[in-house]
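Coordinate inspection notes
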Amino acid sequence: KYAMSNNYLESKLRFYNQFQLNEYWAGSNLHIQMHTLYGGQHIHSHMFLGQIYNSLINQEPFKMSGGEQIREYHHVDDVGNAIRIIGETQESGVRNISSGAPEKLKNIAKAIFSHFDVIALLYLSSDRMNENDNRDLIFKKPMELKDIAFRPTIQNIIGWLEELGVKNVTRS
């Protein structure tokens, strides 16, 4: 139901379903599913972290739901390592990249806005949450990725935002 709530998620679901229906294609190709990425020099302004970034840079209010949704955020380099490991297995089919360590969106937002001393810009529960959003499904870390130490989400997102030029208000 959640996937049907927006076009992007619906397209991902349709692709997955087509992949599963075509045994020949699924048997000779690899379909990797992953969570949200961060890192690098580009930030997507329409996504959660991009909206936070814009709020911090422009010192504007950030309005969000109550933030009970859980998400996994992975650094691009960690995912690159995971893809390499999965590719080396030379298996086909659907494979998932997961750390098994999701965070609530409100915890991510609170930590970020607190770190930059602008907690007053954060408005929790000002937007409605999609009733079908994930609040409790935790994906397990695949055994083949057991040796990857995914970076701790919150502290590394904060470090990435600093690399992108966000400064602490009281220290800048």
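Let us look at the structure shown here. (Residues numbered from 1 in each chain as written. Predicted model: local features only at pLDDT ≥ 70, side-chain atom pairs only at ≥ 80, totals over all residues. Heavy atoms only, no water.)

On to the overall build of the chain. For the chain, the helix and strand inventory stands at 6 helices and 8 strands. Walking the chain from its N terminus toward its C terminus, one meets helices and strands in the order α-α-β-β-α-β-β-β-α-β-β-α-β-α. Taken over 172 residues, the chain has a buried fraction of 37%. Sequence separation of at least 24 residues holds for 82% of the intrachain contacts in the chain that already meet a minimum separation of 6. Here the chain displays about 10400 Å² of accessible surface, and carbon together with sulfur accounts for 49% of that area. (Helix = DSSP H or I, 4+ residues; strand = E, 2+ residues; numbered from the N terminus. Buried < 20%, exposed > 50% of the residue type's maximum accessible area, 1.4 Å probe, protein only. Contact = heavy atoms within 4.5 Å. Areas by Shrake-Rupley, 256 points an atom, 1.4 Å probe, with all protein chains shown as cover.)

Further remarks concern the environment of Gln41. Position of Gln41 relative to the elements: it lies in the loop between strand S2 (36-38) and helix H3 (48-58). Among the residues examined, Gln41 registers a relative accessible area of 69% and is labelled exposed. Put simply, Gln41 and Glu163 are 122 residues apart on the chain and 8.5 Å apart in space, counted from C-alpha to C-alpha.

Moving on: a nonpolar patch on the surface. Taken together, the side chains of Met34, Leu37, Val76 and Ile83 present a nonpolar region at the surface, about 270 Å² in accessible area. Judged by relative accessible area, Met34 falls into the partly exposed class, the value being 31%. (Patch = residues over 30% accessible without salt bridge, like charges linked within 9 Å, V, L, I, M, F, W, Y side chains within 5 Å. Salt bridge = Lys/Arg side-chain N within 4 Å of Asp/Glu carboxyl O.)

For any two helices packed against each other, the geometry comes down to the angle between their axes and how far apart the axes lie. At a minimum axis distance of 12 Å, the contact between H3 and helix H5 (residues 105-115) shows a crossing angle of 25 degrees. Classified by the angle between their axes, H3 and H5 sit roughly parallel to one another. Crossing of H3 against H5: the hand is right-handed. On H5, the residues that touch Phe48, Leu49, Ile52, Ser55 and Leu56 of H3 are Leu105, Ile108, Ala109, Ile112 and Phe113. Of the residues contributing to the contact of H3 with H5, the split by class is 9 nonpolar, 1 polar and no charged. (Axes fitted to C-alpha atoms, helices over the stretch in contact; angles between N-to-C directions. Parallel < 35°, antiparallel > 145°, perpendicular 65-115°, else oblique. Left-handed = near helix turned anticlockwise from the far one by under 90°. Nonpolar A, V, L, I, M, F, W, Y, C, P; charged D, E, K, R; others polar.)

In this structure the tally under the stated criterion is 8 salt bridges. Across the pair Asp78 and Arg151 runs a salt bridge, and its minimum N-O distance is 3.0 Å. Within this pair, whereas Asp78 is found in helix H4 (residues 76-88), its partner Arg151 is found in the loop between strand S8 (122-123) and helix H6 (153-163), the two being separated by 73 residues in sequence. Overall, Asp78 belongs to the buried group, its relative accessible area being 5%. Among the ionic contacts, a cluster of salt bridges with common partners joins Glu68, Lys104 and Lys106.

Right, let's get into unusual backbone geometry. Its identity is not glycine, yet Gln59 carries a phi of approximately 55 degrees, on the positive side. The residue Gln59 is located in the loop between H3 and strand S3 (62-63) in this model. Positive phi values are uncommon outside glycine, yet Asp117 reaches one of about 55 degrees. With respect to the helices and strands, the residue Asp117 is situated in the loop between H5 and S8.

This is a description of form; function is not addressed.
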